[in-house]
Structures are given as C-alpha cells and as structure tokens.
Amino acid sequence: MSGDKTALRKSFRRARLAIAGEERTRKEREAALFAVALAEREAEGRGRVIAMYAATSGELNLADAHTRLSAKGYCLVYPRVREDGDMAFSVVRTLDDLVPGRYGILAPRDDAPMVPREEIILAFVPGLAFAKDGVRLGYGGGYYDRYFADAEQRFPVRVGVCFSEQFVDCLPFDPHDVRMHAVLTDGGVFDCGRSTL
C-alpha cells in the first residue's frame, strides 16, 4: 500500500498545484462559505472551539473562513508539532499570530494557550486527497492519525478539506489511518457515513 500512496501523493500534489488564479480564488471562497455554515451548525449547543490549519503547498486555504468565524466569536485553534513529535492545538486570534513552525508550516507561537482535544467540536483537516468513505491520503507523517487515534470518538467532528479535484471514490487504507466524518470541498460538504451531519 505504501508504494501506491507514494505515487498517489505525487499525482494529487500536481493536480492541486494546477488549480490557480481566479479559479483557485473562487473555489476557496466557496469552500469558506461552506466551512462557516458547517461550523455554525455543528457548534450549536456544543461549544465554540474550531480546529483550523494554515494552508501550505497548494492546500485549500480557509483564511476567509477564519476571518468570518473569528468575527462571530468562535475560538479558533491551530496545530503545532511539539518537541516530543506529537501535535497539539493552540489558540490563534488572528492569522498574524502564526509563525513558521516545523517544516516551515505556519503554527501558533510556543506560548499560545493549548486547548485539550475534548474541547474541540469540529476539526478541519488538510490532506492530499479524500475518499467518499472518509479515507484520507495525508503526507506520511501520521500527525493527524496519532492525534485522532481514537477513531470511534464522536467529537471533534473530523472534516477533510480539499478541492473537488482531490475528492475521489476510493483510496488505499491502512489500519492506523483515521477516517473523516465528512469532506468539505468547493462543491459542498459530503457526509462520509460516519456522522450525523
């Protein structure tokens, strides 16, 4: 399976980088609107902590969703890789609070308040591709898989984020891979049969 994943990663990286200019801007704007609507629906009566990510290497950028959700009073948290190699989420009030972290990916400052996983009600998760059954093709580091190791947990609701070109019928799956409850693209939010979305 790892060989299949390596080839797929290269293919989806190329497909993602090919989305550019006005088309990329339009797709990201549409995805942000879906993200905000989903966050408002999921947060109702449950809490207001939403996990985001800082887009890198052509990922679908949810910066517009950050701005809209922050204005509505949501607590937004972003991942950073700690010294022990595990991932944690910390509060980010504005995108200017992000600094280069491991691998050059923007992340919260070391002194930003960390938020326990059980307080996060919804997590937007980046990836190279997602399948209709919730399988995620990540980058191979396993950070999100370890963070969400209890795959049967109901919260946070795990939502894969990608362009519609990265949303496919099926992907290779390994036992340690954590599936998403739903996938968000520029075309909408798709329930992966693992949640009550």
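Structure: see above.
Attention here is on the structure that accompanies the text. Everything quoted here is computed from the prediction, not taken from an experiment.

## Here we look at the packing of aromatic side chains
So, point 1. Applying the stated criterion to the full structure yields 5 aromatic pairs.
So, point 2. A centroid spacing of 5.0 Å and a plane angle of 35° characterise the contact between Phe167 and Phe190, whose relative ring orientation is tilted. Separated by 23 residues along the polypeptide, Phe167 in strand β10 (residues 167–168) and Phe190 in strand β12 (residues 188–191) bring together distant segments of the chain.
So, point 3. Residue classification places Phe190 among the partly exposed positions, given a relative accessible area of 33%.
So, point 4. Of the aromatic side chains, those joined through ring pairs into one cluster are Phe89, Tyr144, Tyr147 and Phe148.
So, point 5. Seen from the ring of Phe148, Arg158 lies directly overhead, with NZ or CZ sitting 5.9 Å from the centre.
So, point 6. Above the plane of the ring of Phe173 lies Arg179, whose end atom (NZ or CZ) is 4.2 Å from the centre.

## Describing helix α3 (residues 63–71)
So, point 1. Within α3, the full set of buried residues consists of Ala65, His66 and Leu69. Viewed along the axis of α3, the buried residues span an arc of 105°, placing them on a single side of the element.
So, point 2. Its buried side turned inward, α3 meets α2 (21–43) and β2 (75–81).
So, point 3. Where α3 terminates, the next one or two residues include Gly73, which has phi positive at roughly 90°.

## Remarks on the packing of α2 against α3
So, point 1. Relative to each other, α2 and α3 sit at 35°, their axes nearing to 8 Å. With respect to the hand of their crossing, α2 and α3 are arranged in right-handed fashion. From α2, Ala32, Leu33, Ala35, Val36 and Ala39 reach across to α3, where they touch Asp64, Ala65, Arg68 and Leu69.
So, point 2. In terms of residue class, the contact of α2 with α3 is built from 7 nonpolar, no polar and 2 charged.

## Here's the deal with the pattern of salt bridges
So, point 1. Evaluation of the coordinates by the stated rule reveals 15 salt bridges.
So, point 2. Glu30 is the salt-bridge partner of Arg26, the closest N and O atoms lying 3.3 Å from each other. Placement of both Arg26 and Glu30 in helix α2 is noted, with a separation of 4 residues, approximately one turn of the helix.
So, point 3. One salt-bridge network, in which partners are shared between bridges, spans Arg82, Asp84, Asp86 and Arg146.

Rules and cut-offs
- Residues numbered from 1 in each chain as written.
- Predicted model: local features only at pLDDT ≥ 70, side-chain atom pairs only at ≥ 80, totals over all residues.
- Heavy atoms only, no water.
- Phe/Tyr/Trp six-rings, centres within 6.5 Å; stacked < 30°, edge-to-face > 60°.
- Helix = DSSP H or I, 4+ residues; strand = E, 2+ residues; numbered from the N terminus.
- Buried < 20%, exposed > 50% of the residue type's maximum accessible area, 1.4 Å probe, protein only.
- Lys NZ or Arg CZ within 6 Å of the ring centre and 35° of its normal.
- Arc of directions from axis to C-beta.
- Contact = heavy atoms within 4.5 Å.
- Axes fitted to C-alpha atoms, helices over the stretch in contact; angles between N-to-C directions.
- Left-handed = near helix turned anticlockwise from the far one by under 90°.
- Nonpolar A, V, L, I, M, F, W, Y, C, P; charged D, E, K, R; others polar.
- Salt bridge = Lys/Arg side-chain N within 4 Å of Asp/Glu carboxyl O.

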